[in-house]
Amino acid sequence: MFSALKASGCPIDLRRHISCEVCDTSVTGGYDPYMNQVVVCQNTARSQSMVQGALTHELIHMFDYCRHKMDLHDVKHLACTEVRAANLVHCSYLSAFIQGTASVLKFKQYHQNCVKSRALKSVLAVRDISLEDAWNAVDAVFDKCYNDLEPFGRRIRRKSDHMERAYQDRISMGYE
């Protein structure tokens, strides 16, 4: 992620751009575009995997904001970056099953359902809008944003070598 941010004209300084703070108990992290800072919540992200997930999720927002000049006041831009973060970091079959978005009968759609559900919840957590408006925003951008795998080129799966492989592939993707 750091290489991708640097290549996109947004180098990152850990002391300046990453903060660990006490947060509302409904979140594990956040991205503040005004401060250009990722926040990891010390009171809710309590395990290494939760910190890694929150940090990667929020760094995707930072990357999107930097590279695509997203206007996070535009609910469709917000929906897109939430779709991308859910797609690239969070949704596995196990997590989708636990959230109730996967079953044996709808196996083929579980990942997309998980991504939509997670993105919808994130949009609603950040914006004071109706469920219908949030759903319409997620639905409007879903196909384009779901298929955008930058900067990893793949979906990162827990307990796999995907993160290491993405790091090794960074040069071939234009990130040194």
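Predicted model only: the values in this text are computed from it and were never measured.

For the rest of this paragraph, the subject is the overall build of the chain. Helix and strand counts for the chain come out as eight helices and three strands. Along the chain, helices and strands appear, N-terminal first, in the series α-α-β-β-β-α-α-α-α-α-α. Counting over 176 residues, the chain shows a buried share of 44%. In the chain, 51% of the contacts between residues at least 6 apart in sequence involve partners at least 24 apart. Here the chain has roughly 10,000 Å² of accessible surface; of this, 53% comes from carbon and sulfur atoms.

Spatially, β1-β3-β2 is the arrangement adopted by the three strands of the open sheet, whose pairing is mixed. The two strands at the open ends of the sheet, each matched to only one other strand, are β1 (18–21) and β2 (29–32). Between one strand axis and the next, the sheet turns through 25° on average, direction left out of account. The pairing of β1 with strand β3 (residues 37–41) spans four bridges and is parallel. Counted as the bridge partner of Cys20 is Val40 from β3. Here helix α3 (residues 48–68) sits on the sheet and contacts β1, β2 and β3; the angle it forms with β3, its principal contact strand, is near 160°.

A word on the pattern of salt bridges. Summed over the entire model, instances satisfying the criterion amount to four salt bridges. For Asp64, the salt bridge identified is with Arg84, shortest N-O distance 2.7 Å. Of this pair, Asp64 sits in helix α3 while Arg84 sits in helix α4 (residues 75–90), and the two are 20 residues apart along the sequence. Arg84 gets classed as buried once you look at its relative accessible area, which sits at 1%. The residue Asp148 makes a salt bridge to Arg84 at a minimum N-O spacing of 3.3 Å. Taken together, the positions of Asp148 in the loop between α7 (131–146) and α8 (162–168) and Arg84 in helix α4 put the pair 64 residues apart, joining distant regions of the chain.

Scoring rules and cut-offs
- Residues numbered from 1 in each chain as written.
- Predicted model: local features only at pLDDT ≥ 70, side-chain atom pairs only at ≥ 80, totals over all residues.
- Heavy atoms only, no water.
- Helix = DSSP H or I, 4+ residues; strand = E, 2+ residues; numbered from the N terminus.
- Buried < 20%, exposed > 50% of the residue type's maximum accessible area, 1.4 Å probe, protein only.
- Contact = heavy atoms within 4.5 Å.
- Areas by Shrake-Rupley, 256 points an atom, 1.4 Å probe, with all protein chains shown as cover.
- Pairing = 2+ DSSP bridges.
- Axes fitted to C-alpha atoms, helices over the stretch in contact; angles between N-to-C directions.
- Salt bridge = Lys/Arg side-chain N within 4 Å of Asp/Glu carboxyl O.

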